[in-house]
Amino acid sequence: YNPRAEWWGTMAQWLTESKIPPDDDLRQELVAQPVSRDAGNRLKLMSKEDMRKIGLPSPDSADSLALTFAQSVAPRNMPGTSRSEGLPAVI
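Since we're looking at a predicted model, the values are computed, not measured.

Analysis parameters
Residues numbered from 1 in each chain as written. Predicted model: local features only at pLDDT ≥ 70, side-chain atom pairs only at ≥ 80, totals over all residues. Heavy atoms only, no water. Core = buried A, V, L, I, M, F, W, Y, C linked by side-chain atoms within 4.5 Å. Buried < 20%, exposed > 50% of the residue type's maximum accessible area, 1.4 Å probe, protein only. Helix = DSSP H or I, 4+ residues; strand = E, 2+ residues; numbered from the N terminus. Arc of directions from axis to C-beta. Contact = heavy atoms within 4.5 Å. Polar contact = N/O pair within 3.5 Å; in protein donor to acceptor, adjacent residues only side chain to side chain.

**Focus: the nonpolar core**
Okay, so step 1: One finds Ala5, Trp8, Met11, Leu26, Leu45, Ala62, Leu65, Ala66 and Phe69 forming the largest nonpolar core, which totals nine residues.
Okay, so step 2: Contributions of two or more residues to this core are made by helix H1 (3-17) and helix H4 (60-67).

What follows is the structure, encoded as structure tokens:
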């Protein structure tokens, strides 16, 4: 639906396979974020502005975690590869 929803979706998938330190405030933000689906079955998050209008707190910490999924990164040390693989030679 939009980049924020995409990041939340990627984060949700990652959280099913990963562990993070217990944080009750973050957990509450993650489960309190109102979500729906659009006509194309895409994840749609309620905007922070709309959340404020109905008295819900802004999920700032959860959004910060989701933002870490905005850009894919490769693992640093993948077996059988070197860090310079695929990079142009420096002259």
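**Some words on H4**
Okay, so step 1: Within H4, the full set of buried residues consists of Ala62, Asp63, Leu65 and Ala66. The buried residues of H4 all sit within an arc of 160° when viewed along its axis, so they share a single face.
Okay, so step 2: Packing partners of the buried residues in H4 comprise H1, helix H2 (24-32) and helix H3 (48-53).

**Observations concerning the side chain of Asp63**
Okay, so step 1: In this fold, Asp63 is placed in helix H4.
Okay, so step 2: The class for Asp63 is buried, based on a relative accessible area of 13%.
Okay, so step 3: Engagement of the side chain of Asp63 in a polar contact is seen with the side chain of Arg4, the distance being 3.0 Å.

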